[in-house]
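So you can see what is in the structure, the chains are spelled out below.
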Amino acid sequence: MDKDSIRKEIDSIDSKIIDLLSTRISYAKEIGKLKSEKGEEIYVPSREILVFKNLLTKNAGRIEESALRAIYREVISASISAEKKLVVSYLGPKATFTQQAAVKNFGSSVDYRPMPSIPDVFTSVENKDADYGVIPIENSTEGAVFHSMDMLRDSSLYIVGQIYMPIEHCLISRASTVSGIRKVCSKDQAIGQCREWIRRNIGNVEIEYAESTTVAVKMARDNPDIAAIGSQIAADYYGVPVLEKGIQDKKNNQTRFLVIGKNAVAKTAGVKYKTSLVISVNNRPGALYDMLVPFNQANINLTRIESRPSKTKAWSYNFFVDLEGHLEDDNVAEAVSVLKSTLPSVKWLGSYPM
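Please read these numbers as outputs of a predicted model, since none were measured by experiment.

**Q** Describe the pairing of strand β1 (residues 87–91), naming the residues involved and giving the relevant values.
**A** Taking burial as the measure, the five residues of β1 include five buried ones, the bulk of the element. Across the two faces of β1 the burial is the same, with V87, S89 and L91 and V88 and Y90 all buried. In this structure, β1 lies alongside strand β2 (residues 111–115), joined through five bridges in parallel fashion. By the bridge assignment, Y90 is partnered in β2 with P114. This β-α-β element, β1 to helix α4 (residues 97–106) to β2, shows right-handed connectivity. In terms of strand pairing, β1 meets strand β3 (residues 132–139) through three bridges, oriented parallel. Paired with S89 across the strands is G133, a residue of β3.

**Q** Explain the state of the cysteines to me, and be specific about the residues and the numbers.
**A** Working definition of a disulfide: a covalent bond connecting the sulfur atoms of two cysteines. Throughout the structure, instances matching the rule amount to zero disulfides. Cysteine C170 remains unbridged, with the sulfur of C194 as its closest cysteine sulfur at 9.3 Å.

**Q** Go over the pattern of salt bridges with me, naming the residues and quoting the values.
**A** Counted by the stated rule, this structure contains 22 salt bridges. Between D150 and R153 there is a salt bridge whose closest N-O contact spans 3.6 Å. A residue pair is termed a helical-turn pair when its members lie 3 or 4 positions apart in one helix, as D150 and R153 do in helix α6 (residues 146–154) at three residues. The closest approach of N and O atoms between D322 and R304, which form a salt bridge, is 3.7 Å.

**Q** Explain the packing of helix α5 (residues 118–126) against α6 to me, and be specific about the residues and the numbers.
**A** Each pair of packed helices gets described by two things: the angle between the helix axes and the distance between those axes. Close contact between α5 and α6 brings their axes to 9 Å; oriented N to C, the two are set at 30°. Helix-helix and strand crossings are classified by hand; for α5 and α6 the assignment is right-handed. Residues I118, P119 and F122 of α5 form the contact with α6, whose participating residues are H147, S148, M151 and L152. Residue composition of the contact of α5 with α6, grouped by class: five nonpolar, two polar and no charged.

**Q** Describe the sheet that holds strand β14 (residues 317–324), with residues and values.
**A** Within a sheet, adjacent strands bond to each other through the backbone by hydrogen bonds, running parallel or antiparallel. Within the open sheet, the four strands sit side by side as β13-β14-β12-β15. Their pairing is antiparallel. Two strands close off the open sheet at either side, each with one partner strand: β13 (302–309) and β15 (345–353). Going across the sheet, the axis of each strand differs from the next one's by a mean of 15°, ignoring polarity. As paired strands, strand β12 (residues 273–280) and β14 are joined by seven bridges and run antiparallel to one another. Residue pairing for β14: S276 is matched across the bridge by D322.

**Q** Give a description of the packing of aromatic side chains that names residues and reports values.
**A** Tallying each qualifying case throughout the model produces six aromatic pairs. Consider the rings of Y90 and Y112, whose centres lie 6.5 Å apart with planes at 70°: the pair is edge-to-face. Pair noted here: Y90 is in strand β1 and Y112 is in strand β2, with a separation of 22 residues, a long-range link. Taken individually, Y90 and Y112 each receive the classification buried, so the pair is uniform in this respect. Of the aromatic side chains, those joined through ring pairs into one cluster are Y43, F106 and Y132.

**Q** Kindly report on the side chain of S276, identifying the contributing residues and their values.
**A** Residue placement: S276 occurs in strand β12. Reaching out from S276, the side chain makes a polar contact with the side chain of Y352 at a distance of 2.7 Å. With residues up to four places along the chain from it excluded, the contact list for S276 reads I159, R256, V321, D322, K347, W348, L349, G350 and Y352.

**Q** Tell me about the sheet that holds strand β8 (residues 206–209), and please be specific about residues and values.
**A** In spatial order, the strands read β8-β7-β9-β6-β10; together these five strands make up an open sheet with mixed pairing. Both outer strands of the open sheet, β8 and β10 (242–245), are each paired with one neighbouring strand and no more. Taken over all neighbouring pairs, the strand axes of this sheet differ in orientation by 25° on average, direction set aside. In the packing of helix α9 (residues 213–222) onto the sheet, the strands contacted are β6 (170–173), β7 (183–186), β8 and β9 (226–230), and the crossing angle to β9 comes to about 155°.

**Q** How would you sum up the nonpolar core? Please name residues and give values.
**A** Buried together is how nonpolar side chains tend to be arranged in soluble globular proteins. Core analysis: the biggest nonpolar cluster contains 28 residues, and Y43, L86, F106, V134 and V259 have the highest contact counts within it. Secondary structure elements with two or more residues in this core: α2 (45–59), α3 (65–83), β1, α4, β3, β5 (158–166) and β11 (254–261). The element contributing the most residues to this core is α4, with four residues. When residues no more than four places from it in sequence are discounted, the contact partners of F106 are Y43, R73, S77, L86, V88, Y112, Y132, V134 and V259. Residues L91, M149, I260 and Y352 belong to the second largest nonpolar core, which totals 23 residues.

Reading the values: the criteria
Residues numbered from 1 in each chain as written. Predicted model: local features only at pLDDT ≥ 70, side-chain atom pairs only at ≥ 80, totals over all residues. Heavy atoms only, no water. Buried < 20%, exposed > 50% of the residue type's maximum accessible area, 1.4 Å probe, protein only. Helix = DSSP H or I, 4+ residues; strand = E, 2+ residues; numbered from the N terminus. Pairing = 2+ DSSP bridges. Right-handed = clockwise from strand over helix to strand, strands pointing away. Disulfide = S-S within 2.5 Å. Salt bridge = Lys/Arg side-chain N within 4 Å of Asp/Glu carboxyl O. Axes fitted to C-alpha atoms, helices over the stretch in contact; angles between N-to-C directions. Left-handed = near helix turned anticlockwise from the far one by under 90°. Contact = heavy atoms within 4.5 Å. Nonpolar A, V, L, I, M, F, W, Y, C, P; charged D, E, K, R; others polar. Phe/Tyr/Trp six-rings, centres within 6.5 Å; stacked < 30°, edge-to-face > 60°. Polar contact = N/O pair within 3.5 Å; in protein donor to acceptor, adjacent residues only side chain to side chain. Core = buried A, V, L, I, M, F, W, Y, C linked by side-chain atoms within 4.5 Å.

Read these as layout, nothing more, since geometry by itself doesn't imply function.
Set out below in structure tokens:
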């Protein structure tokens, strides 16, 4: 076949693909109607996981996995939008890593709304101005995001999903060289993730913390003496040159983000889950041990334990616990029941696909 003949075949295939996509989206609309009649959630992360698992099995390596996931992320996003135009709030402004995580999870067919702070993300979902919110919760280098933890403890919202995203930081500035930089600005977490690089390459430069990496990039846009630490996307969006790429101290730097919503996620067969709890213990010797015993007896793997001041009494702490399994699993339900009968407070933050 010559080039023109091959192109005609491609055009013919494209027409068939569009016909099939149109049919798929029409079925999605019907599912949306059924969900609406029953008061069910439009966004069902467990269903998406099963769709991707099915696709990868059928693909059998013919198409690169990352490419197939990217294509179907947008197909699913368009299908969800056909059911209902979702509104997703995130820690803004535009071009933050949190926005990138939100798009990675929901695709480009939903309505995104940047919020100035983590509490504002929670408020937008609680007030039904947004269907879901996306917030950072922890970084592999710098650890927990405490504002998010505190809001999860105090809010009535549930964790319904999680997103892991590699984080590559760039040094962004209008300065012609690194030696021309007088101040480095970024979010506290981003500064922490690049602290050693800053020490080695810029020395005793002034550090200023900003509300977000994107705010820092806007500061660098307006002042050539300032360098921001942020993403390539933010640099491109605000038109500020990148002086150095990949300045994070750990090359495998990742941030974990959470999706929050008003309704908890029910268990679906064939999907692995993670459950998050916040637990308060009695202030006495052996209290933490007593908290851990029911998990051990129920053969539950804990993946994270983090302490945080309760803010209700001096030197009183809450423990944030992540574990493998769903609250509807017998062993998880049994362990939580034991804890509730012996400890001052056990709050379920949500069970969500791993």
